[in-house]
Amino acid sequence: MLTVGDTLPAFTVTGVKPGFKAHEEKGESAFFDITETSFEGKWKLIYFYPKDFTFVCPTEIVGFDKLVGEFADRDCVVLGGSTDNEFCKLAWRREHPDLANLKQYAFADTKGELVDGLGVRDKAAGVALRATFLVDPNNVIQHASVNNLNVGRNPDEILRLLDGFQTDELCPCNRPAGGAVL
């Protein structure tokens, strides 16, 4: 698994734009390629979940989506995905009311370029673990964490960590976003 200080590997995944529920709307495609050079000059929150149409995953997606504005205020793009394809992501948006109006990018890593490049595929199940990476504008990983398949993450903690990394200062334990530094 790649970790703090490593550079994001070369990859191409299929992105699904925020707000889309069909593969094309008003003449615009919902899909586009996301690579390691996408979103230049921005921080990237890349998080993986095991499968679409499951139970824990939408709770995390909704949790991160509630904070998209907070991440954007910190020049951070939110990217959540799995190894399921892009059509699955759109179908899930149409079928699950909580996912209908997402403000974040989804991605489909059907070839496993990113999940395997980062080293976060569950060996037994063959799906992505619940991995989270904060990547700085230079594509250097500043945070990496992985949960087993059955336990969701805390998006507020990821925002707190990003806020701390962006201070470039020493941040004490439990420092809230915007809190005092040492």
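Remember, predicted model here, so these are calculated numbers, not experimental data. (Residues numbered from 1 in each chain as written. Predicted model: local features only at pLDDT ≥ 70, side-chain atom pairs only at ≥ 80, totals over all residues. Heavy atoms only, no water.)

Caption draft 1: Molecular detail of the nonpolar core. Formed by 21 residues in total, the largest nonpolar core has its most connected members in Leu 45, Tyr 47, Ile 61, Phe 64, Phe 71, Val 78 and Ile 158. Of all the secondary-structure elements, those providing two or more residues to this core are β5 (43-48), α1 (56-65), α2 (68-73), β6 (76-82) and α5 (155-167). Those residues in contact with Val 78, other than ones at most four positions away along the chain, are Leu 45, Tyr 47, Phe 64, Val 68, Phe 71, Gln 104 and Tyr 105. By size, the runner-up hydrophobic cluster in this structure holds 19 residues, among which are Phe 11, Phe 48, Leu 114 and Ile 141. (Core = buried A, V, L, I, M, F, W, Y, C linked by side-chain atoms within 4.5 Å. Buried < 20%, exposed > 50% of the residue type's maximum accessible area, 1.4 Å probe, protein only. Helix = DSSP H or I, 4+ residues; strand = E, 2+ residues; numbered from the N terminus. Contact = heavy atoms within 4.5 Å.)

Caption draft 2: Spotlight on the UniProt feature "active site" (unreviewed entry) in the chain. Mapped onto the present numbering, the UniProt feature "active site" (unreviewed entry) falls at Cys 57. Its location among the elements puts Cys 57 in helix α1. Since its relative accessible area comes to 1%, Cys 57 is described here as buried. With near-sequence residues (within four places) excluded, Cys 57 lies in contact with Tyr 49, Pro 50, Lys 51, Trp 92 and Arg 130. (UniProt positions renumbered as here; feature names shortened; annotations may be inferred.)

Caption draft 3: Structural view of the packing of aromatic side chains. Summed over all chains, the structure comprises eight aromatic pairs. Ring geometry for Phe 39 against Tyr 105: centres 5.1 Å apart, planes inclined by 55 degrees, an arrangement best described as tilted. A residue pair is termed long-range when its members are at least 10 positions apart, and Phe 39 in the loop between β4 (31-35) and β5 and Tyr 105 in strand β7 (residues 105-108) qualify at 66 residues. Residue Phe 39 is classed as buried on the basis of its relative accessible area of 17%. In this structure Tyr 105 comes out as partly exposed when scored by relative accessible area, which is 24%. Taking 5.4 Å as the distance between ring centres and 90 degrees as the angle between the ring planes, the aromatic pair formed by Phe 48 and Phe 107 counts as edge-to-face. Placement of the pair is Phe 48 in strand β5 and Phe 107 in strand β7, with a sequence separation of 59 residues. Given the relative accessible area of 2%, Phe 107 is considered buried. Members of the aromatic cluster, joined through ring pairs, are Tyr 47, Tyr 49, Phe 53, Phe 64 and Trp 92. (Phe/Tyr/Trp six-rings, centres within 6.5 Å; stacked < 30°, edge-to-face > 60°.)

Caption draft 4: Spatial organisation of the pattern of salt bridges. What the rule picks out here adds up to twelve salt bridges. Put simply, Arg 74 and Asp 163 hold a salt bridge, and the shortest N to O gap is 3.1 Å. Residue Arg 74 is located in the loop between α2 and β6, and its partner Asp 163 is located in helix α5; the two are separated by 89 residues in the primary sequence. Residue Arg 74 shares its accessibility class with Asp 163, and that shared class is buried. Here the salt bridges do not stand alone but share partners, grouping Glu 70, Arg 74, Asp 163 and Arg 175 into one network. (Salt bridge = Lys/Arg side-chain N within 4 Å of Asp/Glu carboxyl O.)

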